[in-house]
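# Examining the three-dimensional arrangement
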Amino acid sequence: MKLKIKKLMSVDSTNIVAIDLIKNNKTKPTLVIADIQKKGKGTMGKKWISNKGNLFVSIYFQISNSKINFREFSIINPYIIKNIIKKYSKYKIIIKWPNDILIKKRKVCGILQEVIEFKKKQFLIIGIGINSKKSPITKKFNSTSLQSCSNTTINNKKILKDLIRSYENFLPQIKKYKFSYFKRNICKG
């Protein structure tokens, strides 16, 4: 299943753009990406610090007909993203439940899941912020960048291609609910 791609220069939040697209009847599975995110959203109303040069993406799709519930998505999504970024890190990557990915006990990625209803259908929005090139400076938590944990130059376009490919392979499995697929292809390592 192909994701529609919506590339933008500057947004308040890619999740806000995703919500607006859904409410404007753009309900096909879509990936929203922005170069600059001015008001990134974190869980429980927290702010996601969005340094220019890092990767800011939201993916949305309908889940009304899915046999997977929202809670299962919160388990599957960190594994999808971990499997993508682990090939760039020279260190072990850990998932800190429910929504952070850490390298050396420092946050490298945050995930925000939101469900909205439109025309009696539910849509899952997965906001993904990856500190690919720069580490935010904050007193609230320790952070790092993928670049500082890698032996290679980080290329956001390659990470984005991997995200697109992973979710395009994952989405058709949702309706079939092939748990063996999830265990074999997603929840490894």
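Described in the following lines is the structure provided in the data block. (Residues numbered from 1 in each chain as written. Predicted model: local features only at pLDDT ≥ 70, side-chain atom pairs only at ≥ 80, totals over all residues. Heavy atoms only, no water.)

What follows covers helix α1 (residues 14–23). Most of α1 is tucked away, with seven of its 10 residues classed as buried. Three or more residues of α1 are buried, namely T14, N15, V17, A18, I19, L21 and I22. Two residues or fewer after α1 comes N25, characterised by a positive phi angle close to 70 degrees. (Buried < 20%, exposed > 50% of the residue type's maximum accessible area, 1.4 Å probe, protein only. Helix = DSSP H or I, 4+ residues; strand = E, 2+ residues; numbered from the N terminus.)

What follows deals with the environment of S145. Of note, S145 is situated in the loop between β9 (121–130) and α3 (156–176). Discounting chain neighbours no more than four positions away, the residues touching S145 are V108, N131, S132, K133, K134 and S135. (Contact = heavy atoms within 4.5 Å.)

Taken as a whole and assessed by the stated rule, the structure comprises four aromatic pairs. Aromatic pair F73 and F170: ring centres 6.2 Å apart, planes at 90 degrees, arrangement edge-to-face. Taken as a pair, F73 in helix α2 (residues 70–85) and F170 in helix α3 lie far apart in primary sequence, 97 residues in all. Each member of the pair F73 and F170 is classed as buried. (Phe/Tyr/Trp six-rings, centres within 6.5 Å; stacked < 30°, edge-to-face > 60°.)

Turning our eyes to something else, we now look at the nonpolar core. Formed by 36 residues in total, the largest nonpolar core has its most connected members in F61, I81, Y167 and F170. Among the elements of the structure, β2 (30–37), β5 (55–62), α2, β7 (100–103), β8 (106–118), β9 and α3 are those that each provide at least two residues to this core. Here this core gets eight residues from one element, more than from any other, and that element is α3. If you look at the next biggest cluster of nonpolar residues, it comprises 13 residues, including A18, Y60, I116 and F123. (Core = buried A, V, L, I, M, F, W, Y, C linked by side-chain atoms within 4.5 Å.)

Here the focus is the side chain of Q37. Checked against the element boundaries, Q37 lands in strand β2. Of note is the side chain of Q37, whose polar atom sits 3.0 Å from the backbone nitrogen of T14. (Polar contact = N/O pair within 3.5 Å; in protein donor to acceptor, adjacent residues only side chain to side chain.)

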